[in-house]
Amino acid sequence: MSDNGRVPRPTASGLSPRLPSPLVALDDDRFARHGVRVLLKRDDLIHPDLIGNKWRKLAPNLDAADGRAIVTFGGAYSNHLRATAAAGRLLDVPTIGIVRGQELADRPLNPSLSRCAADGMRLHFVDRSTYRHKDDPAVLAALLRAADAVDAYPVPEGGSNSLAVRGCTELGRELRGHADVVAVACGTGGTLAGLAAGLAPEQRALGVPVLKGGFLPAEIRALQEAAFGGPRGAWRTADGFHFGGYARVPAELAEFADDFELRHGLPVERLYVAKMLYALVALAQEGRFAHGTTVAAVITGAPDGDAQSSTSR
Ligand SMILES: *Cc1c(COP(=O)(O)O)cnc(C)c1O
């Protein structure tokens, strides 16, 4: 009990995250033969339920919500929805997930959404057109009313608000003095935006977009503007490794990931991490890293068995 007689509210740091996350060397001839040293930044080991960059992005928001319910948004396979639901269970905070796709309401929940529901998340399904326009304040207000979430603390789709971006600067700070280049897979780009801001001036961040479209650099600039008031750090994106778009895992990528797991005993999350690792192998092979370069690869998540897409959808 605290002085005022209330039970103190659990905070994210009370969940004993493993921070700084471990940094381990990778022994892989596909890099060594090009004079490139690779380190794995094991953010997947931060917390068993709140994994990787989802921890770094959600923790400051959980504390800011201060016990209010959290409402957030995502597709049927969203890692962000699952992480938010898990956080709600761990911290005893109500969570509401607004899910893209009205038609899903009439079907059995997929494994990812089942997990959200099992963690206590209240799911509210909306049609795709409304969902697409949720950044329009009037549409959003109506949506929150319909979901009975007017008083809840809103976290945007993918979780990348300014608190989340600032939370990811710590990832950069943990890597200062350890690598020349830091590679990370990008969805919204929030992790890259914060990571780049936390690195030392001589370090560079390299983002691997998993969505197609090429819109990411503009989004990252906007996220940095909102979080820090201007551009921060040296970063760029390596395009051409999205393998057809979000949640697309063609056979070539699946085989690469299976092989990587066998070689290194590292569980490889398919939707993001596999694409980043594939990009690093390809770039090293093309001689795009100078001899003597140390690359840290951020392992932002872990595979989740049945919740993962194993084929193209
Ligand atoms: C959500 C997620 C990302 C993408 O993070 P952004 O901040 O949206 O770019 C990367 N890797 C994994 C494993 C994720 O779950």
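(A) Broad picture of the pattern of salt bridges. All told, the structure shown has 18 salt bridges when counted by the stated rule. Between Asp 119 and Arg 89 there is a salt bridge, with the nearest N and O atoms lying 2.5 Å from each other. Linking Asp 119 in the loop between α4 (111-118) and β5 (122-126) with Arg 89 in helix α3 (residues 79-91), this pair joins segments that are 30 residues apart in sequence. For the salt bridge of Arg 173 with Glu 170, the shortest nitrogen-to-oxygen distance reads 2.5 Å. Taken together, the residues span about one helical turn, with Arg 173 and Glu 170 both in helix α8 (residues 169-174) at a distance of three residues. A residue is classified by how much of its surface remains accessible, and Arg 173, at 39% relative accessible area, is partly exposed. In the salt-bridge network here, residues are joined through shared partners; they are Asp 28, Arg 30, Asp 259 and Arg 263.

(B) Spotlight on the sheet that holds strand β1 (residues 23-26). Strand order in this open sheet of six strands is β1-β2-β10-β7-β8-β9, and the pairing throughout is mixed. Every interior strand has two partners, whereas the edge strands, β1 and β9 (234-237), have only one. On average, adjacent strands in this sheet sit at an angle of 25° to one another, irrespective of strand direction. Two elements, strand β7 (residues 181-186) and strand β10 (residues 294-298), share three bridges in a ladder whose sense is parallel. Each residue of the ladder has a partner; that of Val 181, found in β10, is Val 295.

(C) The arrangement of the site of the ligand in detail. Around the ligand there are 16 residues in total, and Lys 54, Lys 57, Thr 188, Thr 191 and Thr 300 lie nearest to it. Measuring from an oxygen atom of the ligand, one finds a backbone N or O atom of Gly 187 at 2.8 Å. At 2.7 Å, a side-chain N or O of Thr 191 approaches an oxygen atom of the ligand. Notes on the ligand: free accessible area 390 Å², of which the protein chains cover 97%. Elements represented by at least two residues in the shell around the ligand include exactly α2 (53-65), β7 and α9 (190-198). By residue number, the principal contributor to the shell around the ligand is α2, which donates three residues. Two domains each put at least three residues into the shell around the ligand: domain 1 (12-48 + 162-309) and domain 2 (52-159).

(D) Local environment of the domain arrangement of the chain. The domain architecture assigned to the chain consists of domain 1 (12-48 + 162-309) and domain 2 (52-159). Relative to domain 2, the C-alpha centre of domain 1 lies at a distance of 25 Å. Of the residues lining the interface, 27 residues belong to domain 1; the matching set on domain 2 comes to 23 residues. When the two sides are added together, the surface that domain 1 and domain 2 hide from each other amounts to roughly 2000 Å², 61% of it contributed by carbon and sulfur. The largest share of the area that domain 1 buries against domain 2 comes from Ala 12, Leu 15 and Leu 163, three residues that together contribute 26% of it. Note that Glu 174 and Arg 56 form a salt bridge whose closest N and O atoms lie 3.0 Å from each other.

Conventions adopted
Residues numbered from 1 in each chain as written. Predicted model: local features only at pLDDT ≥ 70, side-chain atom pairs only at ≥ 80, totals over all residues. Heavy atoms only, no water. Salt bridge = Lys/Arg side-chain N within 4 Å of Asp/Glu carboxyl O. Helix = DSSP H or I, 4+ residues; strand = E, 2+ residues; numbered from the N terminus. Buried < 20%, exposed > 50% of the residue type's maximum accessible area, 1.4 Å probe, protein only. Pairing = 2+ DSSP bridges. Axes fitted to C-alpha atoms, helices over the stretch in contact; angles between N-to-C directions. Near = heavy atom within 4 Å. Polar contact = N/O pair within 3.5 Å; in protein donor to acceptor, adjacent residues only side chain to side chain. Areas by Shrake-Rupley, 256 points an atom, 1.4 Å probe, with all protein chains shown as cover. Domains from an automatic or database assignment. Contact = heavy atoms within 4.5 Å. Buried area = accessible area lost by both parts, 1.4 Å probe.

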